Amino acid sequence: MPDSLVIIPTYNEKENIERMIRKVFSLPNEFHLLIVDDGSPDGTATIVKDLQAIYPNSLFILERKGKQGLGTAYIAGFKWAIEKQYDLIFEMDADFSHNPEDLIKLKDACTEGCDMSIGSRYIKGVNVVNWPMSRVLMSYFASVYVRFITGVNIQDFTAGFVCYKRKVLETVNLDKIKFVGYAFQIEMKYTTVKHGFNVVEVPIIFTDRTAGSSKMSRGIFKEAVWGVIQMKINSIFRKYPEG
């Protein structure tokens, strides 16, 4: 069995999901795929289940009722991956904003010694394509803000393209991860560092989706702004075992 599982949360991704699945399975490195679908009314889950006939031993799906949030989708996927004993567990979007070929770079970074590798848009300048400047600035300065509040030197805190070694997810208490929106990405990175794990950023080029619609909202951004302060305060009173 391959040691690598890619988790892709979906909600209304029928325009992208088949192309994404076929692309991941065309890579020279072997990956398994777990789609976590939150009851997409557009039939995303049906497309995945039809493709399972082609990839019966490497494509899996978790179906959930209703839109429950990015964070809970990933945590459900993480628990599934731990149960199945995958060594490397990846997060990736369905919309091709993350280049599937970069999965290999993230895997190599963890294979070569780090515990968590991040596909970073900002480790070498600003590598974002097709985003309006307002969105670029919001994302970039969100990471600046998180670094200021937490004191942790990660350039792309909000990145959603990540590889974890299983021991990270086994050590971090997933039931204590509170955020469900994009602040989930911040909390996971911060908690991983606080547990003493080695985190490396790998430069990628992020390209905005060309099909489907973005799930970003002002409410998600607000959660991140206020949540980071609460997260930092809570961490002062929490003991973190070493990774």
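As a reminder, the structure under discussion sits directly above these lines.
These lines cover the structure that appears in this document, whether it is placed above or below. Remember, it's a predicted structure, so these values are computed and weren't measured experimentally. (Residues numbered from 1 in each chain as written. Predicted model: local features only at pLDDT ≥ 70, side-chain atom pairs only at ≥ 80, totals over all residues. Heavy atoms only, no water.)

**Focus: the pairing of strand 7 (residues 162–165)**
At step 1: As paired elements, strand 4 (residues 88–91) and strand 7 share 4 bridges and run antiparallel to each other. Directly across from Leu-88, in strand 7, lies its bridge partner Lys-165.
At step 2: Across 3 bridges, strand 5 (residues 116–120) lies against strand 7 in antiparallel orientation. The residue bridging Ile-118 from the neighbouring strand is Val-162, located in strand 7. (Pairing = 2+ DSSP bridges. Helix = DSSP H or I, 4+ residues; strand = E, 2+ residues; numbered from the N terminus.)

**Describing the pattern of salt bridges**
At step 1: Per the stated rule, a full pass over the model turns up 11 salt bridges.
At step 2: Put simply, Lys-49 and Glu-63 hold a salt bridge, and the shortest N to O gap is 3.2 Å. Taken together, the positions of Lys-49 in helix 2 (residues 44–51) and Glu-63 in strand 3 (residues 59–63) put the pair 14 residues apart, joining distant regions of the chain.
At step 3: Lys-49 gets classed as partly exposed once you look at its relative accessible area, which sits at 38%.
At step 4: By relative accessible area, Glu-63 is classed as partly exposed at 48%.
At step 5: As a salt-bridge pair, Asp-156 and Arg-121 come within 2.7 Å of each other at their nearest N and O atoms. Here Asp-156, found in the loop between helix 5 (133–150) and strand 7, pairs with Arg-121, found in the loop between strand 5 and strand 6 (128–129); they are 35 residues apart in sequence, far enough to count as distant.
At step 6: One network of salt bridges, in which partners are shared, links Asp-87, Arg-166 and Glu-170. (Salt bridge = Lys/Arg side-chain N within 4 Å of Asp/Glu carboxyl O. Buried < 20%, exposed > 50% of the residue type's maximum accessible area, 1.4 Å probe, protein only.)

**Describing the nonpolar core**
At step 1: Among the nonpolar cores identified, the biggest contains 37 residues, and Ile-7, Phe-78, Tyr-164, Leu-169, Leu-174, Phe-184 and Met-188 are the most heavily contacted of them.
At step 2: At the level of secondary structure, the elements contributing two or more residues to this core comprise strand 1 (4–10), strand 2 (32–37), helix 3 (70–84), strand 5, strand 7, helix 6 (166–171), helix 7 (183–194) and helix 8 (218–236).
At step 3: Ranked by the residues each element gives to this core, the list is headed by helix 3, at 8 residues.
At step 4: When residues no more than four places from it in sequence are discounted, the contact partners of Phe-78 are Ile-7, Ile-89, Glu-91, Tyr-164, Leu-169, Leu-174, Phe-184 and Met-188.
At step 5: Counting residues in each nonpolar core, the second largest holds 30 residues, with Ile-17, Ile-35, Ala-94 and Val-202 among its members. (Core = buried A, V, L, I, M, F, W, Y, C linked by side-chain atoms within 4.5 Å. Contact = heavy atoms within 4.5 Å.)

**Overview of the environment of Ile-229**
At step 1: Tracing the backbone shows Ile-229 in helix 8.
At step 2: Note on Ile-229: relative accessible area 31%, which makes it partly exposed.
At step 3: Sequence separation between Ile-229 and Val-146 is 83 residues; the distance between their C-alpha atoms is 8.7 Å.
At step 4: Other than its neighbours up to four places away in sequence, Ile-229 contacts Tyr-145 and Ile-149.

**Notes on unusual backbone geometry**
At step 1: Although it is not a glycine, Gln-85 adopts a positive phi angle of roughly 70 degrees.
At step 2: Inspection of the secondary structure assignment puts Gln-85 in the loop between helix 3 and strand 4.
At step 3: We note that Phe-96 has phi near 70 degrees; this positive angle belongs to a residue other than glycine.
At step 4: Among the secondary structure elements, Phe-96 is positioned in the loop between strand 4 and helix 4 (103–111).
At step 5: Residue classification places Phe-96 among the partly exposed positions, given a relative accessible area of 23%.

**What to know about helix 5**
Every α-helix winds through 3.6 residues per turn, so residues three or four apart in the chain are directed the same way.
At step 1: For helix 5, spanning 18 residues, the distance from its first C-alpha to its last is 26 Å, which sits close to the expected 26 Å at 1.5 Å a residue.
At step 2: Inspection of helix 5 places Arg-135, Val-136, Ser-139, Ala-142, Ser-143, Val-146, Arg-147 and Thr-150 among the buried residues, and these make up the whole buried set. Down the axis, helix 5 shows its buried residues gathered within 130 degrees of arc, on one side only. Residues Met-133, Ser-134 and Phe-148 are exposed on helix 5 and point more than 90 degrees away from its buried face.
At step 3: Following helix 5 by one or two positions, Gly-151 adopts a phi angle in the positive range, close to 75 degrees. (Expected span 1.5 Å × (residues − 1). Arc of directions from axis to C-beta.)

**With respect to the sheet that holds strand 8 (residues 199–203)**
At step 1: Taken in spatial order, the 7 strands of this open sheet run 3-2-1-4-7-5-8, and their pairing is mixed. Whereas interior strands pair on both sides, the edge strands pair on one side only; in this sheet they are strand 3 and strand 8. Going from strand to strand, the sheet's axes swing by 20 degrees on average, the running direction of each strand aside.
At step 2: Strand contacts of helix 3: strand 1, strand 2, strand 3, strand 4 and strand 7, with the helix running at about 155 degrees to strand 1, the strand carrying the most contacts. (Axes fitted to C-alpha atoms, helices over the stretch in contact; angles between N-to-C directions.)

These figures capture arrangement, not role.
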